[in-house]
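Structural features, examined
The chain contents come next:
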Amino acid sequence: KQEVTQIPAALSVPEGENLVLNCSFTDSAIYNLQWFRQDPGKGLTSLLLIQSSQREQTSGRLNASLDKSSGRSTLYIAASQPGDSATYLCAVMGAGKSTFGDGTTLTVKP
Amino acid sequence: NAGVTQTPKFRVLKTGQSMTLLCAQDMNHEYMYWYRQDPGMGLRLIHYSVGEGTTAKGEVPDGYNVSRLKKQNFLLGLESAAPSQTSVYFCASRPGRFERNQPQHFGDGTRLSIL
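Strands in a sheet are paired, the pairing made by backbone hydrogen bonds, and the direction either parallel or antiparallel. Residues and elements named next belong to chain A. The five strands lie next to each other as β1-β3-β8-β7-β6, forming an open sheet whose pairing is antiparallel. Each having just a single partner strand, β1 (4-7) and β6 (56-59) make up the two edges of the open sheet. The mean angle between the axes of side-by-side strands here comes to 15°, regardless of whether they run parallel or antiparallel. Bridging between strand β7 (residues 62-67) and strand β8 (residues 72-77) involves six bridges; their strand directions are antiparallel. Counterpart to N63 in the pairing with β8 is Y76.

Below you can see the structure in the form of structure tokens.
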């Protein structure tokens, strides 16, 4: 059974800092890994998707990496802003379905 | 661009009542999913469907039933609601297995309270 862990559970940083969120998974037989953002009381918004054959994906200030052999992914956020405050979830896609981590709640203080 | 639409957005039920949550997608996606999200527990898969007329159990299927009579719709039913089913329910969809590296798209959620 696939298990996904996200560390830390919560993170508070001052505006402007670069930060890294971590995601680990137990079964390396995945199709892809997806990072989502969730604002309070809202649904999930897809940020980045990394295919199993890829090492990283970039979108603006976000960079996600994937090391399938070690079962790890990181989401790097550059020059954090208060608007980045949200919960970030990673999900690994296997045959037909995804397994989600519990998320990291990020607070960026002005 | 409607994407994934969930109805209703909010609902309060009494224990023992029944209801159906509707998910509709307009992207011609093969795969559809129902998740529940509870504080501190992330998203847990209830049931999913890999195509019209098919359904499969996820991680927490007990107390729920689903139907996928039309490709664009995925219904989640609670036959006899229990307080433990108080949660936020999310529907998601994505293209089929030949497009496995396309992202999932989520609805805005249904907030369900069982008294």
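Next, the rest of the story.
Turning our attention to the side chain of H29(B). Turning to its location among the elements, H29(B) is positioned in the loop between β3 (19-25) and β4 (31-37). According to the relative accessible area criterion, H29(B) is buried, its value standing at 7%.

With that settled, consider the pattern of salt bridges. One pass over the structure, following the stated rule, counts six salt bridges over all chains. Taking the shortest distance from any N to any O, the salt bridge between E59(B) and K1(A) comes out at 4.0 Å. Here K1(A) lies in the segment before β1 and E59(B) lies in the loop between β6 (56-57) and β7 (64-67), a pairing that spans two chains. Residue E59(B) is classed as partly exposed on the basis of its relative accessible area, which comes to 46%. For K1(A), a relative accessible area of 81% corresponds to the exposed category. When salt bridges that share partners are traced, they join R36(B), D38(B) and R44(B) into one network.

Residue and element names in this part refer to chain A. Where β6 lies against β7, four bridges are found, and the strand directions are antiparallel. Each residue of the ladder has a partner; that of Q57, found in β7, is A64. Linking β6 to β7, which pair antiparallel, is a turn of two residues; within it G60 sits at a positive phi near 60°. Counting the residues in the hairpin turn of β7 and β8 gives four residues, including G71, whose phi is positive at 70°.

For the rest of this paragraph, the subject is the environment of R111(B). Summarising the element assignment, R111(B) is placed in strand β11 (residues 110-114). Remark: the alpha-carbon pair of R111(B) and Q37(B), spanning 74 residues in sequence, is separated by 9.8 Å. Among all residues touching R111(B), those that are not within four sequence positions of it are G41(A), K42(A), K9(B), F10(B), R11(B), S87(B) and V88(B).

Next up on the list: the nonpolar core. Soluble globular proteins: nonpolar side chains tend toward being buried together. Counting 22 residues, the largest nonpolar core has F25(A), L33(A), W35(A), L75(A), I77(A), Y88(A) and L106(A) as the members making the most contacts within it. V4(B), L21(B), I46(B) and F74(B) belong to the second largest nonpolar core, which has 18 residues in total.

Right, let's talk about the state of the cysteines for a bit. Among covalent bonds in proteins, the disulfide is the one between the sulfur atoms of two cysteines. Counted by the stated rule, this structure contains two disulfides over all chains. Disulfide pairing is shown between C23(A) and C90(A); the S-S distance is 2.0 Å. Across the S-S bond of C23(A) and C90(A) the torsion is about 75°, and the bridge reads as right-handed. In this pair, C23(A) is assigned in strand β3 (residues 19-25) and C90(A) in strand β9 (residues 86-93), connecting sequence segments 67 residues apart. The exposure classification of C23(A) matches that of C90(A), with both residues buried. Each disulfide pairs two cysteine sulfurs, and for C23(B) the partner residue is C91(B), the sulfurs being separated by 1.9 Å. Because the sign of the S-S torsion sets the handedness, a value of about -75° for the bond joining C23(B) and C91(B) places this disulfide among the left-handed ones. Taken together, the residues C23(B) in strand β3 and C91(B) in strand β9 (residues 87-94) connect sequence positions 68 residues apart.

For the rest of this paragraph, the subject is the environment of Y31(A). Within the fold, Y31(A) resides in the loop between β3 and β4 (32-38). As a C-alpha pair, Y31(A) and G94(A) span 63 residues in sequence and 5.6 Å in three-dimensional space. Setting aside its immediate chain neighbours within four residues, Y31(A) contacts Q51(A), S52(A), M93(A), G94(A), A95(A), G96(A), R100(B) and N101(B).

How each quantity is defined
- Residues numbered from 1 in each chain as written.
- Chains lettered and ligands numbered in written order.
- Predicted model: local features only at pLDDT ≥ 70, side-chain atom pairs only at ≥ 80, totals over all residues.
- Heavy atoms only, no water.
- Pairing = 2+ DSSP bridges.
- Helix = DSSP H or I, 4+ residues; strand = E, 2+ residues; numbered from the N terminus.
- Axes fitted to C-alpha atoms, helices over the stretch in contact; angles between N-to-C directions.
- Buried < 20%, exposed > 50% of the residue type's maximum accessible area, 1.4 Å probe, protein only.
- Salt bridge = Lys/Arg side-chain N within 4 Å of Asp/Glu carboxyl O.
- Contact = heavy atoms within 4.5 Å.
- Core = buried A, V, L, I, M, F, W, Y, C linked by side-chain atoms within 4.5 Å.
- Disulfide = S-S within 2.5 Å.

Structural measurements only, silent on function.
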